[in-house]
Amino acid sequence: MTDLADLTSDVRIDLKLIAGLIEPGSRVLDIGCGDGALLELLERTRGVDARGIEISQDGVNAAVSRGLSVIQGDADSDLVQYPDQSFDYVVLSHTIQATRNARRVLDEMLRIGRRVVVSLPNFGHLDVRFRLMFLGRMPVSKRLPYSWYDTPNIHFCTIRDFVELAKDVGAHVDQAIVLDGTGKRLPFSLPWIVWNLLGAQAVFLLSREDR
Amino acid sequence: MLDAPLTETDAQASLRRSEADNPSSLVMRFGTDAPLTLDAGPAIAPWQIAYQTYGELNDDRSNAILICHALTGDQHVASTNPVTGKPGWWTLMVGPGKPIDTDRFFVICSNVLGGCLGTTGPASTNPDTGRPYGLDLPVVTIADMVRAQAMLVTGLGIDKLFAVVGGSMGGMQALQWAVSYPERVFSVVAIATSYRHSSQNIAFHEVGRQAVMADPDWCGGRYLEEGRNPKKGLAVARMAAHITYMSDRSLHQKFGRNLQDRDALAFGFDADFQIESYLRHQGMTFVDRFDANSYLYVTRATDYFDLAADHGGVLANVFKGTKTRFCVLSFTSDWLYPTSESRAVVHALNAAGAPVSFVEIESDRGHDSFLLDIPEQFRIVRGFLTGAARARGIAGPAEEAR
């Protein structure tokens with residue numbers, strides 16, 4: 001069985017999926033953009049006006065050296081400076097689990113962007129449940145080598161948890177894509193409960209009728 | 001204390017005097033038909049601006065980069081300084097194959113207004129009197145410096161600069177360019193700088209100015225006519241300022257409490273410590289190349305600098321509607337213009353929706369880091385200019401040599 005870590009670090013599929021959701025020529029803010037791989041993909045293939053925020057010095061250096069407009073900053077504290085609806089899309093790719101206040105971050109994203117894209121690893125996946133139930137341990141692997149006590153991922157959630165949070169901040173799920181352990185899309189027709197069990201990662205497109 | 005080594009050769013003094021009016025670099029002269037208006041009120045004419053260029057302007061005049069120098073810098077960014085005989089002050093950044101690649105870009109660097117190396121300043125001859133301006137030159141501002149540069153750039157037949165780049169006071173000018181002439185600047189690189197002078201910044205400068213003016217050889221600013229030079233005062237000013245350019249840690253690593261040419265404390269007021277000797281040397285070499293009144297003018301210009309002041313004190317309004325791309329860099333150990341000030345600029349640019357890159361670079365070498373060999377800085381500037389050049393449709397800098 002492919003374990004969760006292998007899936008969550010499978011960035012390529014995740015980024016391609018997100019890129020497919022973005023209208024060409026739009027304005028995009030990527031929060032937690034890392035070395036700027038998604039931004040570069042969007043700039044090159046979708047002609048977007050791409051901006052990024054990244055907390056790690058290495059990530060920012062790499063992204064700026066690639067010629068991207070990226071600033072060193074923290075999703076938890078630096079989103080307040082952006083005006084309302086100043087971006088077409090605000091993207092949070094595999095980062096929500098590392099934020100201190102995920103609800104506030106999502107709320108701010110919906111304020112800043114007309115649409116919000118969130119991708120996340122599903123902590124409700126069968127493999128995670130299996131490890132917790134039968135091994136009684138938090139999942140750790142070679143490719144995501146964090147133990148529970150030193151992980152930056154402090155707020156793991158399941159697909160259903162996230163859908164609840166979205167509802168809670170008044171967001172509408174315009175689109176949801178769920179991938180299984182091999183990176184294949186799970187069919188639309190499946191009920192949420194199956195997605196939550198078999199989905200290794202999910203990408204959501206959200207919007208909110210803003211006040 | 002600073003007596004003995006302060007004797008200046010007559011040759012050096014006369015060289016410095018002649019550079020003020022007749023620089024050995026390029027110079028653009030403006031007559032009474034092209035006065036330079038100043039924030040202080042009056043306009044000056046005739047006036048002149050001394051500059052150097054490197055590389056070649058392309059056919060559609062879209063590859064020009066203006067470099068703005070810091071407080072006591074000059075136009076010789078990548079060429080030998082005629083007074084000191086030393087190589088250009090930013091050859092790590094500017095030259096063939098460097099991040100500001102002179103094989104790809106047409107690079108302009110001018111001496112600032114109020115300076116002393118050929119652009120009109122207090123050491124220049126006042127056309128009304130035939131004597132050096134001294135304090136008769138109106139106080140100049142960063143915006144005045146930029147206005148003068150804009151007239152130079154126009155005179156060179158360039159409508160829009162690809163980039164304006166500067167560190168420290170040069171970074172202030174770069175930011176001011178984006179505010180004064182937003183349509184004439186495609187991108188800005190502002191390094192180790194601020195959007196305004198803090199109270200502490202002004203305080204240090206005031207100490208320097210008071211040191212100059214307390215020197216009896218200053219003669220109320222008329223020392224050039226009296227054949228004197230307030231070297232002691234200017235050296236002290238430089239010594240105090242130099243401390244602000246370094247971090248506590250870098251000073252201590254470099255000098256510690258090491259003694260200078262002696263094995264034990266001398267129980268006197270000679271330079272017992274290496275740091276004292278070093279600072280004295282910095283002060284003494286500075287007075288050979290710089291004009292004391294110029295020091296008053298350029299420090300005043302930075303003290304008056306406050307980008308938000310003309311916009312109701314709201315920095316975000318300053319950059320409203322800007323199309324310019326920005327790259328803002330700060331250094332962790334810079335306590336003269338700390339990262340928080342760069343962040344304030346970045347926040348304002350974000351609020352204005354401007355494309356901005358920002359990195360705080362790890363360095364324990366203080367404010368001076370921007371002039372030193374900090375590879376991260378060059379990598380980032382190269383990357384930023386590469387991205388900006390792609391967006392502008394011109395050739396970017398060469399790839400970094402491996």
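Cut-offs used in this document
- Residues numbered from 1 in each chain as written.
- Chains lettered and ligands numbered in written order.
- Predicted model: local features only at pLDDT ≥ 70, side-chain atom pairs only at ≥ 80, totals over all residues.
- Helix = DSSP H or I, 4+ residues; strand = E, 2+ residues; numbered from the N terminus.
- Rg over C-alpha atoms; globule rule 2.2 N^0.38 Å.
- Buried ≥ 20, exposed ≤ 12 C-beta atoms within 10 Å, placed from the backbone.
- Contact = placed C-beta atoms within 7 Å.
- Domains from an automatic or database assignment.
- Nonpolar A, V, L, I, M, F, W, Y, C, P; charged D, E, K, R; others polar.
- Axes fitted to C-alpha atoms, helices over the stretch in contact; angles between N-to-C directions.
- Parallel < 35°, antiparallel > 145°, perpendicular 65-115°, else oblique.
- Left-handed = near helix turned anticlockwise from the far one by under 90°.
- Expected span 1.5 Å × (residues − 1).
- pLDDT = per-residue confidence, 0-100.
- Core = buried A, V, L, I, M, F, W, Y, C linked by C-beta atoms within 7 Å.
- Pairing = 2+ DSSP bridges.
- Right-handed = clockwise from strand over helix to strand, strands pointing away.

Caption draft 1: Summary view of the overall build of chain B. From N to C terminus, chain B includes 12 helices and 12 strands. The C-alpha radius of gyration computed for chain B amounts to 21 Å, which stays within 12% of the reference 21 Å derived for 402 residues, consistent with globular compactness. Along the first, second and third principal axes, the C-alpha atoms of chain B reach 65 × 50 × 45 Å. Split into buried and exposed, the 402 residues of chain B put 52% on the buried side.

Caption draft 2: Layout of the overall build of chain A. Helices and strands together make up the secondary structure of chain A, namely 9 helices and 7 strands. At 16 Å, chain A has a C-alpha radius of gyration in line with the 17 Å of a compact globule built from 211 residues. The principal-axis extents of the C-alpha atoms in chain A amount to approximately 45 × 35 × 30 Å. Split into buried and exposed, the 211 residues of chain A put 45% on the buried side. Of the contacts made within chain A by residues no fewer than 6 positions apart, 69% connect residues no fewer than 24 positions apart.

Caption draft 3: How the structure looks around the domain arrangement of chain B. Residues and elements named next belong to chain B. What the domain assignment reports for chain B is domain 1 (21-198 + 308-392) and domain 2 (202-300). For domain 1 versus domain 2, the separation of C-alpha centres amounts to 26 Å. Contacts between the two partners involve 26 residues from domain 1 and, on the opposite side, 19 residues from domain 2. When its residues are assigned to classes, the side of domain 1 that touches domain 2 shows 12 nonpolar, 10 polar and 4 charged.

Caption draft 4: View of the interface of chain A and chain B. Listed per partner, the contact involves 17 residues of chain A and 21 residues of chain B. In terms of residue count, the dominant contributor to the side of chain A that touches chain B is helix α4 (residues 57-65) of chain A (5 residues).

Caption draft 5: Highlighting the packing of helix α4 (residues 199-214) of chain B against helix α9 (residues 292-304) of chain B. Residue and element names in this part refer to chain B. Direction vectors running N to C along α4 and α9 enclose 160°, while the axes themselves pass 10 Å from each other. Of the possible angle classes, the one that applies to α4 and α9 is roughly antiparallel. For the crossing formed where α4 meets α9, the hand is left-handed. Here Ile202, His205, Gly208, Arg209 and Val212 of α4 lie close against α9, whose contacting residues are Ala292, Tyr295, Leu296, Thr299, Thr302 and Asp303. Here the contact of α4 with α9 is composed, by residue class, of 5 nonpolar, 4 polar and 2 charged.

Caption draft 6: A look at the environment of glutamate 276 of chain B. Residues and elements named next belong to chain B. Position of glutamate 276 relative to the elements: it lies in helix α8 (residues 274-289). Along the primary structure glutamate 276 and arginine 104 are separated by 172 residues, whereas in three dimensions their C-alpha atoms are 44 Å apart. Setting aside residues no more than four positions away along its own chain, glutamate 276 makes contact with Gln260 and Ala271.

Caption draft 7: Focus on α9 of chain B. All names here are of chain B. Helix length check: α9, at 13 residues, gives a terminal C-alpha distance of 19 Å against a target of 18 Å (1.5 Å per residue), a fit within 8%. Among all positions of α9, only Ala292, Asn293, Ser294, Tyr295, Leu296, Tyr297, Val298, Thr299, Ala301, Thr302 and Asp303 are buried. Those residues of α9 that are buried lie in contact with α2 (142-155), α3 (169-180), α4, α5 (223-226) and α6 (231-244).

Caption draft 8: Molecular detail of the packing of α2 of chain B against α3 of chain B. All names here are of chain B. At their nearest, the axes of α2 and α3 sit 9 Å apart, and the two run at 70° to each other. Classed by the angle they form, the pair α2 and α3 counts as roughly perpendicular. Across the interface between the two elements, Ile142, Ala143, Met145 and Val146 of α2 pack against Met172, Gln173, Gln176, Trp177 and Ser180 of α3. Classifying every residue of the contact of α2 with α3 gives 6 nonpolar, 3 polar and no charged.

Caption draft 9: Examining the confidence of the model for chain B more closely. Looking at chain B, the pLDDT average stands at 94 and 97% of residues meet or exceed 70. Across residues 3-7 of chain B, confidence stays below pLDDT 50; counting only partners more than four residues off in sequence or on other chains, it has 4 contacts.

Caption draft 10: Geometry of unusual backbone geometry. The amide bond that connects alanine 45 of chain B to the next residue, proline 46 of chain B, takes the cis arrangement and shows omega of -10°. Relative to the helices and strands, proline 46 of chain B resides in the loop between β3 (43-44) and β4 (47-54). Of note, histidine 94 of chain A is a non-glycine position whose phi angle comes to about 50°, a positive value. Mapped onto the fold, histidine 94 of chain A is located in the loop between β4 (87-93) and α6 (102-112). Accessibility expressed as a C-beta count within 10 Å gives 21 for histidine 94 of chain A, which makes it buried. Backbone geometry at serine 168 of chain B places phi at a positive 60°, although glycine is not the residue there. When you line up the elements, serine 168 of chain B lands in the loop between β9 (161-167) and α3. The class of serine 168 of chain B is buried, set by 26 C-beta atoms lying within 10 Å.

Caption draft 11: Just α6 of chain B, in detail. Residues and elements named next belong to chain B. Given a rise of 1.5 Å per residue, 14 residues ought to cover 20 Å, and the 20 Å separating the end C-alpha atoms of α6 matches this to within 8%. With 10 of 14 residues buried, α6 is to be regarded as a mostly interior element. The complete set of buried residues in α6 reads Lys231, Lys232, Gly233, Leu234, Ala235, Val236, Ala237, Arg238, Met239 and Ala241. Those residues of α6 that are buried lie in contact with α4, α8 and α9.

Caption draft 12: Highlighting the nonpolar core. Residue and element names in this part refer to chain B. Core analysis: the largest hydrophobic core is formed by 166 residues, its most contacted members being Ile65, Leu161, Ala163 and Val188. If you count residues domain by domain, this core takes at least three from each of domain 1 (21-198 + 308-392) and domain 2 (202-300). Dropping the residues within four chain positions of it, leucine 161 is found in contact with Ala64, Ile65, Leu66, Val153, Arg184, Val185 and Phe186.

Caption draft 13: Seen up close, the pairing of strand β10 (residues 185-191) of chain B. All names here are of chain B. For β10, the tally of buried residues reaches 7 of 7 residues, placing the bulk of the element in the interior. With 6 bridges connecting them, β9 and β10 associate as parallel partners. Bridging from a neighbouring strand, leucine 161 pairs with valine 185 of β10. After leaving β9, the chain enters α3 and then returns to the sheet as β10, a path that is right-handed. As defined by bridge partners, β10 adjoins strand β11 (residues 325-331) across 5 bridges and the pair is classed as parallel.

Caption draft 14: The environment of alanine 43 of chain B, seen in detail. Residues and elements named next belong to chain B. Tracing the backbone through its elements, the reader meets alanine 43 in strand β3. For alanine 43, a count of 13 C-beta atoms within 10 Å gives the class partly exposed. The sequence separation of alanine 43 and aspartate 60 amounts to 17 residues, and the corresponding C-alpha distance is 33 Å. In this structure, alanine 43 is in contact with Pro35, Leu36, Thr37 and Leu38, ignoring residues within four places of it in sequence.

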